[in-house]
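Secondary and tertiary structure notes
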Amino acid sequence: MENSLKGQKAIITGSSSGIGKGVALSLAAAGADIVINYAGSKEKAEEVASLASQFGGKVLVIKADVSDETEVKEMFSKTIQELGTVDILVNNAGLQKDAPFHEMTLDQWNKVIGINLTGQFLCAREAVNEFLRRGINPHISKALGKIICMSSVHQEIPWSEHVNYAASKGGIMLLMKSIAQGYAAKKIRINSICPGAIRTPINKDAWGTPDSLNKLMNLIPYKRIGEIEDIGKVAVWLASDQSDHINGTSIFVDGGMTLYPGFTTNG
Ligand code: BGC
């Protein structure tokens, strides 16, 4: 996969930490010029940028809240100004605001839907417009453009006490498929990655102590927590022409979490 993305320009939203960081580094390692987008810590975004720079491509750091239409538009125009175009969008930015359903506030609901779902709509819309404006460049890719949506096993597994998050991920599934259906003939490919439990700050409660990690293994038949590189490798493949006939699909990277592990010994 080395150099499989040479010459391509990628925006990875929410890439100052966690899965976004892993994806940004993997894309940079595959030869892409990348935009590290962040909303919170500039220092962390710059740390990722300096790691990514070692691979020799261009690296930009752009602050933007993906739920804000103006900031998203500015992020795309800055990218196009500096890098020329966008070939790959990784719609990754996401968060959790957990609460039992009957106690969930409208703020908690709106924040999660705003970043996780509306943010993916806003960024995908800008990316599609840029792909259509630029036109295809067969020396760069067989596709006009590629979008990867970071979903979750919770687009399929219901998640009590996280209904805002599960609803946002269920929404991403049909957002992604509907865009795929509409723009396939234009040669735009859009797919989702559905991570299970990956070792990142978002779920530190689930792996931070030996006890919690041990308990988590009850949910993962393959008996290991995922690492950000597990997601990065799939993202590189989905962004490259290696997966040119893959469109509108969801790839679960979850060690079997969606296999109903509670039924392993007869339920
Ligand atoms: C969530 C994590 C959780 C994992 C598996 C992810 O989408 O963000 O907090 O550990 O799903 O349940």
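See the structure shown above.
The structure contained in this document is the topic of the report that follows. Everything numeric in this text was worked out from a predicted model, so none of it was measured. (Residues numbered from 1 in each chain as written. Predicted model: local features only at pLDDT ≥ 70, side-chain atom pairs only at ≥ 80, totals over all residues. Heavy atoms only, no water.)

Okay, empty space enclosed by the protein next. The method is simple in principle: a probe with the dimensions of a water molecule rolls over the atoms, and the space it marks as empty is what remains. Going through the model one piece at a time under the given rule, you end up with one cavity of 30 Å³ or more. In this structure, the largest cavity encloses a volume near 30 Å³. Around the largest cavity sit Gln-8, Asp-87, Arg-134, Asn-137, Ile-140, Ser-141, Ala-143, Leu-144, Gly-145 and Lys-146, which together line it. For the lining of the largest cavity, the class distribution of residues is three nonpolar, four polar and three charged. (1 Å grid on protein atoms, 1.4 Å probe; cavity = no way out; pocket = protein on both sides within 12 Å on 5 of 7 lines; lining within 4 Å. Points joined across faces, edges and corners; volume = space filled by probe spheres on them. Nonpolar A, V, L, I, M, F, W, Y, C, P; charged D, E, K, R; others polar.)

Next up on the list: the packing of helix α1 (residues 18–29) against helix α7 (residues 228–239). Between two packed helices, what matters for the description is the angle formed by their axes and the separation of those axes. Following both chains from N to C, one finds α1 and α7 inclined at 50°, their axes separated by 8 Å at the closest point. Of the possible angle classes, the one that applies to α1 and α7 is oblique. Relative to α7, the crossing made by α1 is right-handed. Contacts from Gly-18, Ile-19, Gly-22, Val-23, Ser-26 and Leu-27 in α1 reach Ile-228, Ile-231, Gly-232, Lys-233, Ala-235 and Val-236 in α7. (Axes fitted to C-alpha atoms, helices over the stretch in contact; angles between N-to-C directions. Helix = DSSP H or I, 4+ residues; strand = E, 2+ residues; numbered from the N terminus. Parallel < 35°, antiparallel > 145°, perpendicular 65-115°, else oblique. Left-handed = near helix turned anticlockwise from the far one by under 90°. Contact = heavy atoms within 4.5 Å.)

Take the site of the ligand next. As a structural note, the neighbourhood of the ligand is formed by Gln-96, Ser-152, His-154, Trp-159, Tyr-165, Gly-196, Ala-197, Ile-202, Asn-203 and Met-257. Protein contacts shield 89% of the accessible area of the ligand, which totals 320 Å² for the unbound molecule. Within the shell around the ligand, the residues separate by chemical class into five nonpolar, five polar and no charged. (Near = heavy atom within 4 Å. Areas by Shrake-Rupley, 256 points an atom, 1.4 Å probe, with all protein chains shown as cover.)

So, about the nonpolar core. Formed by 32 residues in total, the largest nonpolar core has its most connected members in Val-23, Leu-27, Ile-34 and Ile-193. Going through the elements one at a time, β1 (9–12), α1, β2 (33–38), α2 (42–53), β4 (88–91), β5 (145–150) and α7 are the ones with two or more residues in this core. When neighbours within four sequence positions are excluded, Ile-34 is seen to be in contact with Ala-10, Ile-12, Ala-24, Leu-27, Ala-28, Ala-52, Lys-58, Val-59 and Leu-60. Within the second largest apolar cluster, 29 residues are counted, among which are Ile-11, Val-35, Ala-64 and Ala-124. (Core = buried A, V, L, I, M, F, W, Y, C linked by side-chain atoms within 4.5 Å. Buried < 20%, exposed > 50% of the residue type's maximum accessible area, 1.4 Å probe, protein only.)

With the rule as written, the count across this model stands at nine salt bridges. Here Glu-69 ties to Arg-125 by a salt bridge, and the two come within 2.7 Å at their closest N and O atoms. Of the two residues, Glu-69 sits in helix α3 (residues 69–83) while Arg-125 sits in helix α4 (residues 106–134), which places them 56 residues apart along the sequence. Judged by its relative accessible area of 40%, Glu-69 falls in the partly exposed class. Put simply, Asp-244 and Arg-189 hold a salt bridge, and the shortest N to O gap is 3.8 Å. (Salt bridge = Lys/Arg side-chain N within 4 Å of Asp/Glu carboxyl O.)

The residue Ser-53 is located in helix α2 in this model. Counting along the chain gives 25 residues from Ser-53 to Ala-28, while the straight-line C-alpha distance between them is 7.8 Å. Within polar-contact distance, the side chain of Ser-53 engages the backbone oxygen of Ala-49 at 2.7 Å. (Polar contact = N/O pair within 3.5 Å; in protein donor to acceptor, adjacent residues only side chain to side chain.)

Look at α4: 40 Å from first C-alpha to last across 29 residues, which is about the 42 Å you get at 1.5 Å a residue. Approximately 40° is the largest bend angle found in α4, and it occurs at Gly-114. Within two residues after α4, Gly-135 carries a phi angle of roughly 80°, on the positive side. (Expected span 1.5 Å × (residues − 1). Bend = angle between axes of the 7 residues up to and from the residue.)

Moving on to the sheet that holds strand β7 (residues 250–253). Strand order in the open sheet formed by seven strands is β3-β2-β1-β4-β5-β6-β7, and the pairing between neighbours is parallel. Both edges of this open sheet fall to β3 (59–63) and β7, since each of them pairs with a single strand only. The sheet shows a mean angle of 20° between the axes of neighbouring strands, taken without regard to direction. Inspection of the sheet shows strand β6 (residues 188–195) paired to β7 by four bridges, in the parallel sense. Directly across from Cys-194, in β7, lies its bridge partner Phe-252. The sheet strands contacting α3 are β1, β2, β3 and β4, and the helix crosses β3 at an angle near 160°. (Pairing = 2+ DSSP bridges.)

Relative to the elements of secondary structure, Thr-200 occurs in the loop between β6 and α6 (210–216). Among the residues examined, Thr-200 registers a relative accessible area of 7% and is labelled buried. If sequence neighbours within four positions are ignored, Thr-200 has contacts with Gly-18, Ile-19, Trp-207 and Ile-228.

This part takes up the environment of Gly-262. Turning to its location among the elements, Gly-262 is positioned in the segment after β7. By relative accessible area, which is 58% here, Gly-262 ends up exposed. C-alpha of Gly-262 to C-alpha of Glu-229: the two residues are 33 residues apart in sequence and 27 Å apart in space.

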